[in-house]
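Each chain, written out:
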Amino acid sequence: MRKEKVKSFTDKIWYGTGAVGLDLSYGMFYGKLNRYLTDVLNLGPGFLTVLTAIARIWDGINDPMMGSIVDSSSSKHGKYRPWVVRGAVLNAAVLFLLFFNPGFNTSSHGVGIYIYIAVMYVLWGMTNTMADIPYWSMVPSFTTDPKERSIIATVARTFSGLGQGIVEIGAPILLNRFGVLIGENNYRWTQKGYTVCVLICSLALIFFALLSMSKVKETVQIKPKEKFSFGQIFNVIKTNDQLRVFMLFAMLSNAGFYTTSGVKDYFFGIVLENSKAQSLFNTFGAVGSIAGLAVIPVMMKFTTRRRTYQFSLLLALAGYIGMFFAGQLFASTMLLNVFFLLTQIGTASMFVSQTVFLSDIVDYGEVKTGERKESVTFSMKGFLQKMAYTLQTVILFSVLGAVGYKKCVPNENGVIIYPAKVKNAVAAVMYVIPPLFFILSIIVFSTRFKLHGDYMDDITANVTEAREKRMSESSDAAQ
């Protein structure tokens, strides 16, 4: 029986480079969009809360629909690669337009700016889905070996962290460079800075997608048995109970992570009044993200993947608790940086494990139903990220709306004096909300997720045998 070929380390590197561009887009959307919309375009928190909710309703249809379309596709260039390239090009164009004001008046809003942002916001989600789902769906198609999957996912997450790090460290520097100084260490960020940042990220997204997909070779494709239908989507979710459990615990922990990403621009500008300090804070985070990728290979030598994931969540939780004491009791920016590094170590390891868990869920679904649905299953990854972002956005904008953030306007010197209630509200979103999400995620994962131990070993053995049979049949047919 023909054995599946293990991907070389070079193959893994070329695959991983595609994640750089995808996470440049993620970083701008999830980390920089909130403050751009409220502070540069002057859009109200109420509108943005409604917009994110509507966009997620559409994503609930669009994301698994895209996954099902990819599962049902086949071409001479492969099953996944054409979609990654198409999606990257379109997502780059929409990302640029989302951060680019074509001429709308932002001081006295007409309906035009609201329609424009709403359309671009929804289109970003759709085009991101087009690239992201097929990209991550390739992981279980490469191999059934759990260790190999962990390595592939770790390499991809390394490059993913690099993309996030570039945005988190580089964007504040550029935004400060083109911004308006309103205090000793604080800047009001302007349209020009955002335009420069988003242009660089958009071009890089296209470059890395083309580079990665031109080098990656797909494994044997399974011919699609049926065309797309909504019934496929609902059937996958209905029949795969572990996918539903994953959707809950991953969304909760991801919401904690994205709450930090979404609020920190406000935190450094409003609470600390020191936007220059954000680049160092993000540098510590980037170092933590890289260090976190070593957690799985090190801990897997001593314990199980389940225990490793629990450790990752607890490490992130401990970091958030430390950040609270560092900021609220000791008022130490350096301690804040150190504990943020700890948090990022945990979340980086968490994201790698989630990718591998989805691969296991694909195998579990094949054993349970007789069908592999990689892209529909992996569509949940992008959808859950967007749902997590929606949770934090609703919380953030609801809090900002409740404390009257939009009423805070510059005085005659161009400086905004934020009242204590606004500062306290932003600090609460930064320190309190994320650890609550992580606590809930730990509880759901530890009590409901069963794909581990001997049970998962049996599933892997069954799927490996089935794949070897398909590859052998494919080889015989070609001769």
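Given the structure is predicted, the values throughout are model-derived calculations rather than measurements. (Residues numbered from 1 in each chain as written. Predicted model: local features only at pLDDT ≥ 70, side-chain atom pairs only at ≥ 80, totals over all residues. Heavy atoms only, no water.)

Visitor: What is the right way to look at a nonpolar patch on the surface in this model?
Guide: Residues Ile 321, Phe 324, Phe 325, Leu 329, Phe 330, Leu 335, Val 432, Leu 436, Ile 439, Leu 440 and Ile 443 make up a contiguous nonpolar surface patch of roughly 980 Å² in combined accessible area. Going through the elements one at a time, α11 (305–328) and α15 (433–448) are the ones with two or more residues in the nonpolar patch. (Patch = residues over 30% accessible without salt bridge, like charges linked within 9 Å, V, L, I, M, F, W, Y side chains within 5 Å. Areas by Shrake-Rupley, 256 points an atom, 1.4 Å probe, with all protein chains shown as cover. Salt bridge = Lys/Arg side-chain N within 4 Å of Asp/Glu carboxyl O. Helix = DSSP H or I, 4+ residues; strand = E, 2+ residues; numbered from the N terminus.)

Visitor: I would appreciate a short explanation of unusual backbone geometry in the present structure.
Guide: Backbone phi values are negative for most residues with the exception of glycine, while trans is the configuration of most peptide bonds. One non-glycine residue, Glu 273, lies in the positive phi region at around 50°. With respect to the helices and strands, Glu 273 occurs in the loop between α8 (241–271) and α9 (277–292). Exposure remark for Glu 273: the relative accessible area of 44% places this residue in the partly exposed category. The backbone phi angle of Ala 331 is positive, close to 50°, even though this residue is not glycine. With respect to the helices and strands, the residue Ala 331 is situated in the loop between α11 and α12 (333–369). Of the residues examined, Ala 331 reaches a relative accessible area of 65% and is grouped as exposed. (Buried < 20%, exposed > 50% of the residue type's maximum accessible area, 1.4 Å probe, protein only.)

Visitor: Looking at this structure, how should I read the nonpolar core?
Guide: Looking at soluble globular proteins, one finds that nonpolar side chains tend to be buried together. In terms of nonpolar packing, the biggest core is built from 127 residues, with Tyr 15, Leu 33, Phe 99, Ile 117, Tyr 135 and Phe 249 touching the most fellow members. Counting residues per element, this core draws most heavily on α8, at 16 residues. Setting aside anything within four residues of it in sequence, one finds Leu 33 in contact with Met 28, Leu 98, Phe 99, Tyr 121 and Tyr 389. One finds Leu 293, Ile 296, Val 352 and Val 356 within the second-largest nonpolar core, a separate group that totals five residues. (Core = buried A, V, L, I, M, F, W, Y, C linked by side-chain atoms within 4.5 Å. Contact = heavy atoms within 4.5 Å.)

Visitor: Help me understand the environment of Ser 160, please; the structure alone is not making it clear to me.
Guide: Structurally, the position occupied by Ser 160 is in helix α5 (residues 146–178). C-alpha of Ser 160 to C-alpha of Thr 17: the two residues are 143 residues apart in sequence and 8.1 Å apart in space.

Visitor: Sorry, what's going on with the packing of aromatic side chains here?
Guide: What characterises a pair of aromatic rings is the spacing of the ring centres plus the angle enclosed by the ring planes. Summed over the entire model, instances satisfying the criterion amount to 41 aromatic pairs. Over the ring of Phe 178 we find Arg 177, and its NZ or CZ is 5.3 Å from the ring centre. When the ring centre of Trp 14 is taken as reference, the NZ or CZ atom of Lys 215 above it lies at 5.1 Å. (Phe/Tyr/Trp six-rings, centres within 6.5 Å; stacked < 30°, edge-to-face > 60°. Lys NZ or Arg CZ within 6 Å of the ring centre and 35° of its normal.)

Visitor: Honestly, helix α2 (residues 45–71) in this entry has me stumped. Any pointers?
Guide: Along an α-helix, residues three or four apart share an orientation, since each turn contains 3.6 residues. Compared with an ideal rise of 1.5 Å per residue, which puts 27 residues at 39 Å, α2 spans 38 Å between its outermost C-alpha atoms and is within 8% of the ideal. Maximal helix bending in α2 amounts to about 35°, located at Asp 59. (Expected span 1.5 Å × (residues − 1). Bend = angle between axes of the 7 residues up to and from the residue.)

Visitor: Hey, could you run me through the packing of helix α1 (residues 9–40) against helix α6 (residues 191–215) in this one?
Guide: Packed helices, taken two at a time, are described by the angle between their axes plus the distance between the axes. Where α1 contacts α6, the axes come no closer than 8 Å and their chain directions differ by 160°. As judged from the angle between their axes, α1 and α6 are roughly antiparallel. The handedness of the crossing between α1 and α6 is left-handed. Among the residues forming the contact of α1 with α6, the class breakdown is 16 nonpolar, six polar and three charged. (Axes fitted to C-alpha atoms, helices over the stretch in contact; angles between N-to-C directions. Parallel < 35°, antiparallel > 145°, perpendicular 65-115°, else oblique. Left-handed = near helix turned anticlockwise from the far one by under 90°. Nonpolar A, V, L, I, M, F, W, Y, C, P; charged D, E, K, R; others polar.)

Visitor: Would you mind going over the side chain of Asp 360 with me for this structure?
Guide: Residue placement: Asp 360 occurs in helix α12. If we skip the residues at most four places from it in the chain, Asp 360 touches Arg 149, Arg 305, Leu 451 and Met 456.

Visitor: Sorry if this is basic, but what is going on with the pattern of salt bridges here?
Guide: Working definition: two side chains of opposite charge can pair if their charged atoms are close together. For the structure on display, the rule yields seven salt bridges. Ionic pairing is found between Asp 241 and Lys 450, a salt bridge with its closest N-O pair at 3.8 Å. Residue Asp 241 is located in helix α8, and its partner Lys 450 is located in the loop between α15 and α16 (453–478); the two are separated by 209 residues in the primary sequence. Residue classification places Lys 450 among the partly exposed residues on the basis of a relative accessible area of 36%. Glu 273 is paired through a salt bridge with Lys 423; the nearest N and O atoms lie 3.1 Å apart. With a gap of 150 residues between them, Glu 273 in the loop between α8 and α9 and Lys 423 in helix α14 (residues 420–431) connect regions that are remote in the sequence. What makes Lys 423 partly exposed here is its relative accessible area of 24%.

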